[in-house]
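Here is what each chain is made of, one letter per residue.
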Amino acid sequence: MSALDRSVHVPDRPYMKRFFSSPAFGMVQRLVLALGGGYVLSASFVMLVGWGLAQLGMARGEAVVLSMMVGFLVFLGLILWAFAERTLVRLWVVFGGGSLVGIGLVQLVSASFAATP
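This section reports on the structure supplied with the text. All of these numbers come straight from a predicted model, not from anything done at the bench.

Tallying secondary structure elements over the protein gives 4 helices and 0 strands in all. Listed by position from the N terminus, the elements making up the protein come as α-α-α-α. Counting the 117 residues in the protein, one finds 22% classified as buried. Taking all contacts inside the protein whose residues are at least 6 apart in sequence as the whole, residues at least 24 apart take part in 75%.

Next up, the structure:
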């Protein structure tokens, strides 16, 4: 009898199946996405808009304050959308992909901003 012929008995864990298929797990995912992903997206939005307004000639302090005020509204909108959206897959794609793109753009802009005198 070879090692491939012997099957390893994996105990059935119905509590795990129950947890991952329960509505509570979906709500936990929405909560994590709304708070964590919404924060990262709105923070990168604030940084990019503040930088863009400063590049357009607005005073740096005013650009930061204006972008932060708009960023709070963006964060609120993302939280509301996270609980209004029907599919979790779309939330994961938008929040995950948007966060990666936002962080990448912030890194790109900060690198180019540090290079200019």
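Here Leu66 is to be found in helix H3 (residues 60-84). Judged by its relative accessible area of 34%, Leu66 is partly exposed. Along the backbone, Leu66 and Val49 are 17 residues apart, and their C-alpha atoms lie at a distance of 8.8 Å. Contact partners of Leu66, with chain neighbours within four places excluded, come to Leu53 and Met58.

Counting 7 residues, the largest nonpolar core is built from Leu33, Ala34, Leu41, Leu78, Ala82, Leu91 and Phe95. Those elements that provide at least two residues to this core are helix H2 (23-55), H3 and helix H4 (88-115). Look past the residues within four positions of Leu33 in its chain and what remains in contact with it is Gly38, Leu91, Trp92 and Phe95.

Turning to the packing of aromatic side chains, a few remarks are in order. Pairs of aromatic rings are described using the distance from one ring centre to the other and the angle between the two planes. Under the counting rule described, the total for this entry stands at 1 aromatic pair. Note on Trp81 and Phe95: the rings are 5.7 Å apart at their centroids and 15° apart in plane angle, and the pair reads as stacked. Here Trp81, found in helix H3, pairs with Phe95, found in helix H4; they are 14 residues apart in sequence, far enough to count as distant.

Tallied over the entire structure, the rule returns 1 salt bridge. Of the charged contacts in the structure, one is a salt bridge between Glu85 and Arg90, with a shortest N-O distance of 3.1 Å. Overall, Glu85 belongs to the buried group, its relative accessible area being 11%.

Okay, H2 next. Since one α-helical turn is 3.6 residues long, residues separated by three or four positions face the same way. Helix length check: H2, at 33 residues, gives a terminal C-alpha distance of 46 Å against a target of 48 Å (1.5 Å per residue), a fit within 8%. The sharpest bend along H2 reaches about 25° and sits at Gly38. Just past H2, the residue Gly57 takes up positive phi, approximately 115°.

Parameters at a glance
Residues numbered from 1 in each chain as written. Predicted model: local features only at pLDDT ≥ 70, side-chain atom pairs only at ≥ 80, totals over all residues. Heavy atoms only, no water. Helix = DSSP H or I, 4+ residues; strand = E, 2+ residues; numbered from the N terminus. Buried < 20%, exposed > 50% of the residue type's maximum accessible area, 1.4 Å probe, protein only. Contact = heavy atoms within 4.5 Å. Core = buried A, V, L, I, M, F, W, Y, C linked by side-chain atoms within 4.5 Å. Phe/Tyr/Trp six-rings, centres within 6.5 Å; stacked < 30°, edge-to-face > 60°. Salt bridge = Lys/Arg side-chain N within 4 Å of Asp/Glu carboxyl O. Expected span 1.5 Å × (residues − 1). Bend = angle between axes of the 7 residues up to and from the residue.

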